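# Summary of structural features
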Amino acid sequence: MPTSPAWPAARLHVVTGKGGTGKTTVAAALALSMASGGRRVLLVEVEERQGIAQLFDTPPLPYEERRVAVARGGGEVRALAIDVEAALLEYLEMFYNLKRAGRALRRMGAVDFATAIAPGLRDVLLTGKIKEAVTRQVKGARAYDAVVVDAPPTGRIVRFLSVTEHVAGLAKGGPIKTQSDGVMAVLRSSQTAIHIVTVLEDMPVQETADAIAELRAIGLPVGSIIVNMARQPLLPLNAMARAASGRLDSTAIAATLSKVGLDGESLVGPLLLEAGDHAQGWQGQLACRARVAELKRLTYELPDLPGPIDTGSLYELADSLTQSGIK
Amino acid sequence: MSGARSVSRSAKASPSRARTVATSPALDLAAVIADPGTRIIVCCGAGGVGKTTISAALALAAAEAGRQVVVMTIDPARRLAQSLGLKHLDNTPRDVPAAAELTAASGGHLQAMMLDMKRTFDEIVEAHSEPARARQILENPFYQALSSSFAGTQEYMAMEKLGQLRETGKWDLIIVDTPPSRSALDFLDAPHRMSRFLDGTMIRLLSAPARAGGRAYLKVVGAGLAIFGRIIAKILGGQLLKDVSHFVGALDTMFGGFRQRAQATYDLLRQPGTAFLVVAAPEPDALREASYFVDRLSTDQMPLAGLVLNRVHPSTVPALSAGRAEGAAENLASSRTDVVVASLLRIHAERMRTDAQEQRLARRFASAHPDVPVRPVPAAAQDVHDLTALREIGDHLTAPVTARRPRKTPARRASSRPTA
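The rules we used
Residues numbered from 1 in each chain as written. Chains lettered and ligands numbered in written order. Predicted model: local features only at pLDDT ≥ 70, side-chain atom pairs only at ≥ 80, totals over all residues. Heavy atoms only, no water. Helix = DSSP H or I, 4+ residues; strand = E, 2+ residues; numbered from the N terminus. Buried < 20%, exposed > 50% of the residue type's maximum accessible area, 1.4 Å probe, protein only. Areas by Shrake-Rupley, 256 points an atom, 1.4 Å probe, with all protein chains shown as cover. Domains from an automatic or database assignment. Contact = heavy atoms within 4.5 Å. Buried area = accessible area lost by both parts, 1.4 Å probe. Pairing = 2+ DSSP bridges. Axes fitted to C-alpha atoms, helices over the stretch in contact; angles between N-to-C directions. Salt bridge = Lys/Arg side-chain N within 4 Å of Asp/Glu carboxyl O. Parallel < 35°, antiparallel > 145°, perpendicular 65-115°, else oblique. Left-handed = near helix turned anticlockwise from the far one by under 90°. Expected span 1.5 Å × (residues − 1). Arc of directions from axis to C-beta. Phe/Tyr/Trp six-rings, centres within 6.5 Å; stacked < 30°, edge-to-face > 60°.

Attention now goes to the overall build of chain B. Scanning chain B for helices and strands turns up 20 helices and 8 strands. Within the span of chain B, comprising 420 residues, buried residues form 50% of the whole. About 19,000 Å² of surface is accessible on chain B, with carbon and sulfur atoms providing 52% of the total.

Below, the structure written as C-alpha cells:
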C-alpha cells in the first residue's frame, strides 16, 4: 500500500489546486510515483476534459479503466475519465436493474434533467464511482493499491466533496441518501488524503490556505501541500537583494561583458532589468514559501521543468516525489 | 488539433507563402475601449490565466479614458479588492475611491462589484412574485439547493446580472469577468441549460404526479416520461419530489420569464456593442481552451475582439541569443563580478528560451486563427496588488499598436516572387 508518514492508511488521494497550478500534471506524477515498485494505481478524471489522455499522449479515454503508463519497477497506472451520463446509467443498472429505462433516459437527454433535479447528483455520481474503485475487491484483494483523483479546483473542491451532504440533506430518505452517506464515510476516513497543489504566488497560496481551512471545518482529511513549478535561483543568493532593487554595479558588469566580447555598454541595462525581474520573482517566491510553511502541513516541492510537459517530464516529477518520501 | 489545421492551411498556401511565419494582427484595445459603441466587454478563458486582473486593469484604463465603467468580478482575490481600495466587494456596484483621482481629469468613473449568485437569484424571485409567494419559494429546500449549488447557477446569474446592469443604463461600459468554470464555454451554455430546465415542461411533469395521477398522468406525459418520473422518485425519494412540486407550484407565475430573460441577455451578447475578449496564458492547455472558445464564438456569430496573451516573457535584448549568452557565461566565472555577470547571462538565456517557446505557441494559435487579433501582456515580476500595478497592466493592454511585424511587406513580396 502506498504510504507516507503523514497518511499511513490513505488509499484515496484527491488532488486539487487553483486553476493554472498544474494539478492534473501533479496528480499524474503522484499516481506514477505511487505505482513504482509493482503497485496498481488508478488515476481518475472527473471534469470531462481529457486532460489525462493529453498528458500521457494517448487517444481520448473512454469510460473504462485503461492502462496509460508503466511505472518504474513494474507497477502500472490505469486511468479512468468518468462520464457522468455513463455513470448514471451504470448506477441505475447496478442498484435498480433499470438497464432498459436507462436507454430511454439517454434518448431523452435525461442526465441534464436528472442532475438538474437534484443539484449535486452529478457530484454524488462522480464521488460514488470513485468510492467504488477505492473499495473494489478482486478475488479477495483490493483492485487498486491507490486511487488518485484529478479533482475540481480549490474554488469548487469543498462543494464537490461535501455535496453528498447537500443531497443527503435534500433527500431525507431514499436510496440516494444511503449512497451518499457511504461516500461521505470514506471521504471522512483516514483512507482519504486531500492534497493541494499550489505555485509560489499570492493568489494560489491564499486559495490553498482557504481550502485547508474549509476542508478542515467540515472534517475532511487534508494531506499535503504540493508546491509546483518552483523556480531555481539563477543568481548567487547574496546578490539577489541588490539585483531586485537595481543596486548591482553596472560599470563593473559592463566592463566584464566587454571582456568576453559582448557589447557591455548596450547590454548592461537590459540584462540588469531581466535580472531585476528574476530577483523580484525569487523574493516573491521566498515570501510565498514562508506563508506555505505557516500552514504547517507536510509540503513537497516540484521543480519548474523547462519546456512543455510531456510523458517524460511526468516520470521526472514522479521521481522527485518518490525522492521526497512519497512511495 | 490546431496543428492539424495549420498543416491543412499551409498546404493550401502558395509555396512562397508557406515559409512565411504566421503572425496575428495586433489587437487595438485602446480603440475598443475608446469607442463609445462598445458597451459590454466579456473576458473569458480557462481558470488561472489572470482573467480577473485583466478585467480590472481594462476597467481602470477605460475609466481613465473617460468611460463610465462598472466591472463585475466573480471571485476576485481579496488583494485585488484591496488594490481597488475596497475592503470587500458585494453584489452592488461600489465606487472605487482610489481610482477617482486618476479618472477625474477625463470625466470617467469606475465602479466595481462582485457577483453574489444566491442574492441575485433571490432578487429575481422577489421582483417577480407576491411577497408571500416569494417567501415560500425562498424557504423551499429545493430552491435553496438550486440557487446555491447547482452547476451553472453562477453562469446563469452572471448573465442575469449583466442584463440588469445594462438595463439601468447607468454605465456606458460594462466589463464582465466570467466564472472559473470547467470550461470557458459554460458561460454561454449553462444559462440556456438552466433556463430550459426552469421553464421546461419536464419540471412541471415531474411535479405532476403530485397533482394528477394514474391514467390521466400517463395520458398527459406519455409512457417514457412516466418511467422517467418513477425513476427519479425511486432514486431521490418522495420528499425531494414533493419539494420540487411545491417549488414549481409557487414558481408558476414566473414561468416563461427565465427563458425569456436568459434569451434577451444572450441576444445582447450578439450585438455589435459587445466585445468578447479571450484571455489565455502562453501555455498549451490555456491556448487550447482559447481556441475552442474562439471557434465557438464564430459559430454563434458572437463579436470577438481578440485574444489577450497574458504573462509573456519577451526579452529586451533579443539580439543576444541564448546560445551566445551561455557561451559567454562559460568563459567567465572566476572573480566575484564574473560570477554575477555569468548569472545575468544565464538569466537572459533562460528568458530567451521561454520567449521562444511562447512565441512558438503564439504562432500555432495564429496559424489556426489567422484573423484573430492578439495582444501580448508581459508578466509582472511580482503579484498584482495595487492600483499602480493594475495601471501598468492597463498600459500594456492599451499601448498603441506598432507595425512591428507587418504581415506582408512589399520588400518581402518582391524577394519571394522569383522563388515562386
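So, about the domain arrangement of chain B. All names here are of chain B. Entries for chain B in the domain assignment read domain 1 (28-313 + 380-402) and domain 2 (317-378). Contacts between domain 1 and domain 2 engage 28 residues on the former and 15 residues on the latter. Both sides together, the interface formed by domain 1 and domain 2 hides about 1,800 Å², and carbon and sulfur atoms give 62% of it. It is L307, H313 and H396 that lose the most area in domain 1 upon contact with domain 2, and together they represent 32% of the buried surface on that side.

Here the focus is the pairing of strand β2 (residues 40-45) of chain A. Residues and elements named next belong to chain A. Counting buried residues in β2 gives 5 out of 6 residues, a clear majority hidden from the surface. Of the strand pairs in this sheet, β2 and strand β4 (residues 76-81) are connected by 6 bridges, and their pairing is parallel. Residue L43 lies in a different strand from β4, and its bridge partner there is A79. Sheet topology note: the β2/strand β7 (residues 146-150) ladder contains 5 bridges and is parallel. Bridge pairing links V44 to V149 in β7.

Turning next to the sheet that holds strand β8 (residues 192-198) of chain A. Residue and element names in this part refer to chain A. Spatially, the 8 strands line up as an open sheet ordered β3-β4-β2-β7-β1-β8-β9-β10, and their pairing is mixed. In this open sheet, the two edge strands, each paired with only one partner strand, are β3 (66-70) and β10 (299-303). Neighbouring strand axes in the sheet, compared pairwise and without regard to direction, differ in orientation by 25° on average. Where helix α9 (residues 202-217) meets the sheet, its contacts fall on β8 and β9 (222-230), and the angle it forms with β8 comes to roughly 160°. Strands β3 and β10 of the sheet are contacted by helix α13 (residues 311-323), whose axis makes an angle of about 150° with β10.

For the rest of this paragraph, the subject is the pattern of salt bridges. Taken as a whole and judged by the stated rule, the model has 26 salt bridges over all chains. Among the ionic pairs, E132 of chain A bridges to R136 of chain A, the shortest N-O distance being 2.9 Å. Look at E132 of chain A and you get partly exposed, because its relative accessible area is 25%. Of the charged contacts in the structure, one is a salt bridge between K259 of chain A and D338 of chain B, with a shortest N-O distance of 3.3 Å. Here the residue K259 of chain A occupies a position in helix α11 (residues 250-259), and D338 of chain B occupies one in helix α18 (residues 336-368), the pair thus bridging two chains. Accessibility expressed as a relative area gives 5% for D338 of chain B, which makes it buried. Salt bridges sharing partners connect three or more residues here, namely E65, E90, K129, E132 and R136 of chain A.

A word on the packing of helix α7 (residues 117-128) of chain B against helix α8 (residues 131-139) of chain B. All names here are of chain B. At their nearest, the axes of α7 and α8 sit 8 Å apart, and the two run at 150° to each other. When the interaxial angle is binned, α7 and α8 end up roughly antiparallel. Every pair of crossing elements has a handedness; the one defined by α7 and α8 is right-handed. Across the interface between the two elements, D122, V125 and E126 from α7 touch A134, I137 and L138 from α8.

Time to look at helix α1 (residues 23-35) of chain A. Residues and elements named next belong to chain A. The terminal C-alpha atoms of α1, which comprises 13 residues, lie 18 Å apart, in line with the 18 Å expected from a rise of 1.5 Å per residue. Of all the 13 residues making up α1, 13 are buried; the element is thus mostly covered by neighbouring parts of the structure. Downstream of α1 by a residue or two, G37 has a phi angle that is positive, lying close to 85°.

A word on helix α19 (residues 387-398) of chain B. Residues and elements named next belong to chain B. Here α19 spans 16 Å end to end across 12 residues, near enough to the 16 Å set by a 1.5 Å rise per residue. Within α19 the residues assigned to the buried category are L387, A389, L390, I393, G394, L397 and T398. The arc that holds every buried residue of α19, seen down its axis, measures 165°, which confines them to one face. Set apart from the buried face of α19 by more than 90 degrees, the exposed residues are T388 and D395.

Let us now look at the sheet that holds strand β5 (residues 173-177) of chain B. Residue and element names in this part refer to chain B. Ordered by their spatial adjacency, 8 strands build an open sheet running β3-β4-β2-β5-β1-β6-β7-β8, and the pairing between neighbours is mixed. The open sheet has two free edges, formed respectively by β3 (94-95) and β8 (374-378), since each of these has just one partner strand. Examined bridge by bridge, β3 and strand β4 (residues 109-114) share 2 bridges and lie antiparallel to one another. Paired with R94 across the strands is A112, a residue of β4. Sheet contacts for helix α10 (residues 153-168): β1 (40-44), β2 (68-73), β4 and β5; angle to β2, the most-contacted strand, approximately 165°.

What follows concerns the environment of S245 of chain A. All names here are of chain A. Its place among the elements puts S245 in the loop between α10 (237-244) and α11. S245 sits in the partly exposed class, given a relative accessible area of 43%. Measuring from C-alpha to C-alpha, the distance between S245 and A193 comes to 42 Å, with 52 residues separating the pair along the chain.

All names here are of chain B. Following the criterion strictly, the structure yields 2 aromatic pairs over all chains and no others. Ring geometry for F121 versus Y143: centroids 5.2 Å apart, planes at 80°, classification edge-to-face. Of this pair, F121 sits in helix α7 while Y143 sits in helix α9 (residues 141-149), placing them 22 residues apart in sequence. Aromatic pair F276 and F293: ring centres 6.3 Å apart, planes at 55°, arrangement tilted. Linking F276 in strand β6 (residues 274-280) with F293 in helix α16 (residues 284-299), this pair joins segments that are 17 residues apart in sequence. Comparing F276 with F293 shows no difference in burial state: the two are buried.

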